[in-house]
Amino acid sequence: MKKLYAVIGNPIGHSMSPIMHNDLFSFYQIDASYLPFQIKSEDLKDAVDGFKAIGIGGFNVTVPHKTAIIPLLDEVDELAASIGAVNTVVNENGRLKGYNTDGPGFLKGLQAFMSGAASKKILLIGAGGAARAIYFTLAMEKPEAIDIANRTVAKAQRLIDDCPYSVKSEACTLEEAGRKLGEYDLVVQTTSIGMAPKIADQPLDLSNIKKHSHVCDIIYNPLETKLLQDASNRGANVQNGIDMFVYQGALAFEKWTGIFPDVERMRENVLKQLGGLHVNR
Ligand code: NAP
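Keep in mind the model is a prediction, meaning the values are calculated, not measured.

Q: Describe the pairing of strand 11 (residues 214-217), listing the residues and the values that go with them.
A: Of the two faces of strand 11, the one carrying H214 and C216 and the one carrying V215 and D217 are both buried. Sheet topology note: the strand 10 (residues 186-189)/strand 11 ladder contains 4 bridges and is parallel. Residue pairing in the sheet places Q189 in a bridge with D217 of strand 11. Looking at chain direction, strand 11 and strand 12 (residues 237-239) are connected through 3 bridges and run parallel. Residue V215 lies in a different strand from strand 12, and its bridge partner there is V238.

Q: Provide a residue-level description of unusual backbone geometry, including the pertinent values.
A: Trans peptide bonds make up most of the peptide bonds, and negative phi angles are found at most residues other than glycine. Omega for the peptide link from N10 to P11 comes to 5°, which places this bond in the cis form. Mapping P11 onto the fold places it in the loop between strand 1 (3-9) and helix 1 (17-27). For N93, which is not glycine, the phi dihedral falls at a positive 50°. Despite not being glycine, K142 shows a phi value in the positive range, around 55°. In this fold, K142 is placed in the loop between helix 5 (129-140) and strand 8 (145-149).

Q: Give me the site of the ligand: which residues, what numbers.
A: The full set close to the ligand counts 20 residues, and G129, A130, N150, T152 and I218 are the nearest of them. The separation between an oxygen atom of the ligand and a polar main-chain atom of A130 is 2.8 Å. K155 is positioned such that a nitrogen or oxygen atom in its side chain is 2.9 Å from an oxygen atom of the ligand. Against a free-state accessible area of 930 Å², the protein chains account for coverage of 72% of the ligand. In terms of residue class, the shell around the ligand is made up of 9 nonpolar, 9 polar and 2 charged.

Q: Explain the sheet that holds strand 12 residue by residue, including any values.
A: Sheets are built from strands that pair by backbone hydrogen bonding, the pairs being arranged parallel or antiparallel. Taken in spatial order, the 6 strands make up an open sheet running 9-8-7-10-11-12, and their pairing is parallel. In the strand order of this sheet, the two ends are held by strand 9 (171-172) and strand 12, each with one partner. Relative to strand 9, strand 8 is paired through 2 bridges, and the arrangement is parallel. By the bridge assignment for strand 9, I148 is matched with A171.

Q: Can you explain the packing of helix 1 against helix 9 (residues 242-257)? Please cite residues and give values.
A: Packed helices, taken two at a time, are described by their axes: the angle between them and the distance between them. Where helix 1 meets helix 9, the axes come as close as 11 Å, and the angle between the chain directions of the two elements is 45°. With respect to each other, helix 1 and helix 9 are oriented oblique. Where helix 1 crosses over helix 9, the handedness of that crossing is right-handed. Contacts between helix 1 and helix 9 pair S17, M20, H21, L24 and F25 from the former with F245, Q248, G249, F253, W256 and T257 from the latter. Of the residues belonging to the contact of helix 1 with helix 9, the class tally is 6 nonpolar, 5 polar and no charged.

Q: Break down the sheet that holds strand 3 (residues 58-61) for me, with residues and values.
A: One open sheet accounts for 6 strands, arranged 2-1-3-5-6-4; its pairing is mixed. Looking at which strands have only one partner, the edges of the open sheet turn out to be strand 2 (32-38) and strand 4 (75-76). Here strand 4 runs beside strand 6 (residues 95-99); their pairing, made up of 2 bridges, is parallel. Looking at the pairing, E75 lines up with K97 of strand 6. Set on the sheet, helix 1 makes contact with strand 1, strand 2 and strand 3; between it and strand 2 the angle comes to about 170°. The strands touched by helix 9 are strand 1, strand 2, strand 3, strand 5 (88-92) and strand 6; relative to strand 5, the strand with the most contacts, the crossing angle is about 5°.

Conventions we followed
- Residues numbered from 1 in each chain as written.
- Predicted model: local features only at pLDDT ≥ 70, side-chain atom pairs only at ≥ 80, totals over all residues.
- Heavy atoms only, no water.
- Buried < 20%, exposed > 50% of the residue type's maximum accessible area, 1.4 Å probe, protein only.
- Helix = DSSP H or I, 4+ residues; strand = E, 2+ residues; numbered from the N terminus.
- Pairing = 2+ DSSP bridges.
- Near = heavy atom within 4 Å.
- Polar contact = N/O pair within 3.5 Å; in protein donor to acceptor, adjacent residues only side chain to side chain.
- Areas by Shrake-Rupley, 256 points an atom, 1.4 Å probe, with all protein chains shown as cover.
- Nonpolar A, V, L, I, M, F, W, Y, C, P; charged D, E, K, R; others polar.
- Axes fitted to C-alpha atoms, helices over the stretch in contact; angles between N-to-C directions.
- Parallel < 35°, antiparallel > 145°, perpendicular 65-115°, else oblique.
- Left-handed = near helix turned anticlockwise from the far one by under 90°.
- Contact = heavy atoms within 4.5 Å.

Dropping the structure here:
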């Protein structure tokens, strides 16, 4: 019987996950379909109960349900529990188990470009949901330090205080981070600044950036944010958010099927779709 997979969120209309996963199911000749469902917060429990009743294979979870879903699941893996957010659920013999593949997806995407985070001095810009997953995952890699710059510094400090993995970290303002930018080997931008349609904005001044540092913006629409253009013009290596998106999806697909999929195929598929998005805007 055909298996069902899904992504739930609100809104969900622009999710690229259905096209990405349906292409993989067809490519690997797996009899399954992946559908988007727009679920209101007050309907989340009913949606999860319904998925369980019909024997869903698994589903992705996106904004605003990544934290609210935790008490509705039968089990949550250690990393997802410590982050406090689930983006992938697997039906394991009738029990729904939650995972977080955002942080590990970011790390895998990063490793495709550089040797990893160990012994690097890192600046994380932003302290929202995505930053939390990335910070906890990077902390486990034991870098020299991970400082967090955020508009609301108290939120950056809370993230540091909440992290169960020990790493040297300081919270600071975006302006302070701009002044000491020359210290960092890796800069990871996780705020929504620079995202379409406000593509002319960037979170901080890059005048002091270290040449040959690696700058990663997890935004992928536009593919090259103002920050990445500026960093590239100043001699940094740059990477957009496509890798994180594709690898978080690849890790979810692997948990559901046991197959680690062809990420190049996934990337091309997403890029094709984003081309369409740009034309529409
Ligand atoms: P979030 O939890 O709402 O966090 C938003 C962050 O942006 C916070 O640090 C917030 O600062 C900051 N921010 C927002 N507007 C700002 C402004 N005008 N000035 C300064 N700071 C501002 O969002 P999220 O879920 O972490 O997502 C953040 C971005 O990551 C989005 O663009 C999303 O599309 C992208 N993302 C990409 C992937 C991927 O796979 N590539 C995955 C997840 C998310 P305050 O704390 O001060 O409010």
